[in-house]
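Per-entry structural report
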Amino acid sequence: MAAQVGRVTEGQGPAFAENAGTTRSLVRETGVMLNDLVRTEREGRVAMTLGERTTLRMGGQARVRIDRFIASQGGTITIGSGAVGVDTQGRLPRGLTVRSPYALVAVRGTRFVVGAEPTRGFSVLVDEGRVDVRAGGVTVKLGPGEGTTVARRGERPSPPAPWSRERAASFRALLR
């Protein structure tokens, strides 16, 4: 049996966790286990707390694997698709790493949105703190209000730049 590393705090529409050949529906207060593949359907949304400090908010058609996570220490998650909002509420001693087919995101910040941005590619937008995004052999450092996009797998991220209010709002809306 996998260790519980968190719990669902909000749920709307179809959302599931798959682990060791078992699929379970995710509703409020459902446990989130190490190695869970959490996925939402098109109309599904889910928010979960990992450990004591980290909140993940998943939009529709998102897939996240909880690879390694240690209570208030940090860990690794893998985003397969969709958009995910992350809030670490301050520093995690071991940090948080977000992996995807497009980029590796090293979290030094506290709140950001990461994932597929329709018609643009894989994007990262920082609300608070700092985040490093590595793709195509290049690392860009993002601060508050800055974003970057990796248009296709293997390509370099765009230079860090402030996003317009409209673009930032549109990206964040994928979580609602």
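It should be noted that the structure appears before, not after, this text.
A brief look at the structure comes next.

Reading the values: the criteria
- Residues numbered from 1 in each chain as written.
- Predicted model: local features only at pLDDT ≥ 70, side-chain atom pairs only at ≥ 80, totals over all residues.
- Heavy atoms only, no water.
- 1 Å grid on protein atoms, 1.4 Å probe; cavity = no way out; pocket = protein on both sides within 12 Å on 5 of 7 lines; lining within 4 Å.
- Points joined across faces, edges and corners; volume = space filled by probe spheres on them.
- Helix = DSSP H or I, 4+ residues; strand = E, 2+ residues; numbered from the N terminus.
- Nonpolar A, V, L, I, M, F, W, Y, C, P; charged D, E, K, R; others polar.
- Phe/Tyr/Trp six-rings, centres within 6.5 Å; stacked < 30°, edge-to-face > 60°.
- Buried < 20%, exposed > 50% of the residue type's maximum accessible area, 1.4 Å probe, protein only.
- Lys NZ or Arg CZ within 6 Å of the ring centre and 35° of its normal.

Observations regarding the layout of surface pockets
Size it by volume and the largest pocket reaches roughly 330 Å³. Secondary structure elements with two or more residues in the lining of the largest pocket: strand E1 (4-12), strand E6 (45-50), strand E7 (54-58), strand E10 (83-87) and strand E13 (111-117). Broken down by element, the residue count for the lining of the largest pocket peaks at four residues, all from E7. Approximately 170 Å³ is the volume attributed to the second largest pocket. Class assignment for the residues of the lining of the second largest pocket results in four nonpolar, four polar and two charged.

Thoughts on the packing of aromatic side chains
For the structure shown, the criterion picks out two aromatic pairs. Aromatic pair tyrosine 102 and phenylalanine 122: ring centres 5.7 Å apart, planes at 5 degrees, arrangement stacked. Residue tyrosine 102 is located in the loop between strand E11 (95-99) and strand E12 (104-107), and its partner phenylalanine 122 is located in strand E14 (residues 121-128); the two are separated by 20 residues in the primary sequence. Given a relative accessible area of 5%, phenylalanine 122 falls into the buried group. The cationic tip of arginine 153 hangs over the ring face of tyrosine 102; the distance from NZ or CZ to the ring centre is 5.4 Å. Here the basic side chain of arginine 167 rests over the ring of tryptophan 163, its NZ or CZ set 3.8 Å away from the ring centre.

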